[in-house]
Amino acid sequence: MRVVVMGGTSGIGLAIAESCAANGDEVLVTGRDPKKLEAVAAKVAVAESVDGRSEEDVRAFFARHGRFDHLVLTLSSASGGGTLRDLKMDDLRAGFDGKFYPHLLAAQAALDTIAENGSITFITAASAQGSMPGTAGLAAVNGALECAVPPLAAELAPIRVNAVSPGVIDTPWWSFLPEEQRREQFAGFAEQTPVGRVGRPGDIADAVRYLMGAGFVTGTVLKCEGGLTL
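Rules used throughout
- Residues numbered from 1 in each chain as written.
- Predicted model: local features only at pLDDT ≥ 70, side-chain atom pairs only at ≥ 80, totals over all residues.
- Heavy atoms only, no water.
- Buried < 20%, exposed > 50% of the residue type's maximum accessible area, 1.4 Å probe, protein only.
- Helix = DSSP H or I, 4+ residues; strand = E, 2+ residues; numbered from the N terminus.
- Pairing = 2+ DSSP bridges.
- Right-handed = clockwise from strand over helix to strand, strands pointing away.
- Axes fitted to C-alpha atoms, helices over the stretch in contact; angles between N-to-C directions.
- Left-handed = near helix turned anticlockwise from the far one by under 90°.
- Contact = heavy atoms within 4.5 Å.
- Nonpolar A, V, L, I, M, F, W, Y, C, P; charged D, E, K, R; others polar.
- Phe/Tyr/Trp six-rings, centres within 6.5 Å; stacked < 30°, edge-to-face > 60°.
- Core = buried A, V, L, I, M, F, W, Y, C linked by side-chain atoms within 4.5 Å.
- Disulfide = S-S within 2.5 Å.
- Salt bridge = Lys/Arg side-chain N within 4 Å of Asp/Glu carboxyl O.

## As for the pairing of strand E5 (residues 114–123)
- Most of E5 is tucked away, with eight of its 10 residues classed as buried.
- Note that strand E4 (residues 68–73) and E5 share five bridges and pair parallel. Each residue of the ladder has a partner; that of His70, found in E5, is Ser119.
- Tracing the backbone out of E4, into helix H4 (residues 89–109) and back to the parallel element E5 gives a crossover that is right-handed.
- The pairing of E5 with strand E6 (residues 160–166) spans five bridges and is parallel. Residue pairing for E6: Thr121 is matched across the bridge by Asn162.

Here it is in structure tokens:
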């Protein structure tokens, strides 16, 4: 299989690329950080600089690489968090610009070259289904993506469209917190989950690989959050 992982140079995206490559798939990874792209190209997959926010970049990428089987969208943004009283609308817009619009842009741009029996998998977040104070903006971004999954699955059939909704995953996304504070946060989240730990990037890679191969599953948002939102 030929798999495209957009935003696949670190964290969840990198774990997905590594898992697919280990399975023998041909993997194409996009990102923006030259050093990370170089590291991925040396060890994992073909890696190319693409700005997921740029329509010109994204359309040119798909036109250049031709047919493929599966598209995984891990493009992300940490913007949009915070309590409503303190939330800056520019930050919320940046959240949509960094994640929601790039996901839909890439899905649209891929339609001419994705296999008819292929799949598109969005990576959203458990904030879309949770109720934690200070996450309304993040919930709006990820919830908008999740709401798009069922109608896109119906519209784009037989291409399958799904999403994986991760909970708290130990990735560089959390680097805005000092190490000690991050560990304290993780310990607190671990106590709230039935599985007793926070997630690992490989947990999400396993869920994505399942959806890629599950030919009878479409229009589904698969929660992968250790029971955090129960």
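Next comes the rest of the description.
## Remarks on the packing of helix H3 (residues 55–65) against H4
- Contact pair H3 / H4: the axes reach a minimum separation of 9 Å and the direction vectors enclose 35 degrees. Of the two elements, H3 crosses H4, and the hand of that crossing is right-handed. Judged by residue contacts, Glu55, Val58, Arg59 and Phe62 of H3 engage Leu105, Ala106, Gln108 and Ala109 from H4.
- Here the contact of H3 with H4 is built from residues that sort into five nonpolar, one polar and two charged.

## Let's talk about the packing of aromatic side chains
- Considering all chains together, one arrives at five aromatic pairs under this definition.
- Ring centres 5.2 Å apart and planes at 75 degrees place the aromatic pair Phe100 and Tyr101 in the edge-to-face group.
- Accessibility expressed as a relative area gives 14% for Phe100, which makes it buried.
- Its relative accessible area of 48% is what places Tyr101 among the partly exposed residues.
- Among the aromatic residues, ring-to-ring pairing joins Phe61, Phe62 and Phe68 into one connected group.

## What about the nonpolar core?
- By size, the foremost hydrophobic cluster in this structure holds 33 residues, and its most contacted members are Met6, Phe62, Leu71, Ile120 and Phe122.
- Of all elements in the fold, only strand E1 (2–6), H3, E4, H4, E5, helix H5 (136–156) and E6 reach the threshold of two or more residues within this core.
- When residues no more than four places from it in sequence are discounted, the contact partners of Leu71 are Val4, Met6, Phe62, Ala106, Ala107, Ala110, Ser119, Ile120 and Thr121.
- With 24 residues, the next largest nonpolar core counts Val3, Ala17, Val40 and Met212 among its residues.

## Here's the deal with the state of the cysteines
- Applying the stated criterion to the full structure yields zero disulfides.
- No disulfide involves Cys20; its sulfur sits 15 Å from that of Cys224, the nearest cysteine.
- Relative accessible area serves as the criterion here: at 0%, Cys20 is assigned to the buried category.
- Here Cys147 stays free of any disulfide, with the sulfur of Cys224 as its closest cysteine sulfur at 20 Å.
- We classify Cys147 as exposed; its relative accessible area is 61%.

## Quick word on the pairing of strand E2 (residues 26–31)
- Among the six residues of E2, five are classified as buried, and the element is accordingly described as predominantly covered.
- Bridging between E1 and E2 involves five bridges; their strand directions are parallel. Counterpart to Val3 in the pairing with E2 is Val27.
- Running through helix H1 (residues 11–22), the crossover from E1 to the neighbouring parallel element E2 is right-handed.
- Inspection of the sheet shows E2 paired to strand E3 (residues 46–49) by four bridges, in the parallel sense. Counted as the bridge partner of Leu28 is Val46 from E3.
- Regarding the hand of the β-α-β motif, the stretch spanning E2, helix H2 (residues 34–43) and E3 is right-handed.

## So, unusual backbone geometry
- For the peptide bond that leads from Ala157 to Pro158, omega is 15 degrees, which places it in the cis range.
- Locating Pro158 in the fold gives a position in the loop between H5 and E6.

## Brief notes about the pattern of salt bridges
- Within this structure, the stated rule accounts for seven salt bridges.
- Residues Glu26 and Arg2 are paired through a salt bridge, measuring 3.1 Å at the closest nitrogen-oxygen approach. Taken together, the residues span a long stretch of sequence, with Glu26 in strand E2 and Arg2 in strand E1 at a distance of 24 residues.
- Close ionic contact of Glu55 with Arg59 constitutes a salt bridge, the shortest N to O distance being 2.9 Å. One end of the pair is Glu55 and the other is Arg59, both in helix H3 and four residues apart, which spans about a single turn.
- With a relative accessible area of 46%, Glu55 lands in the partly exposed category.

So far we have only geometry, and geometry alone does not tell us how the molecule works.
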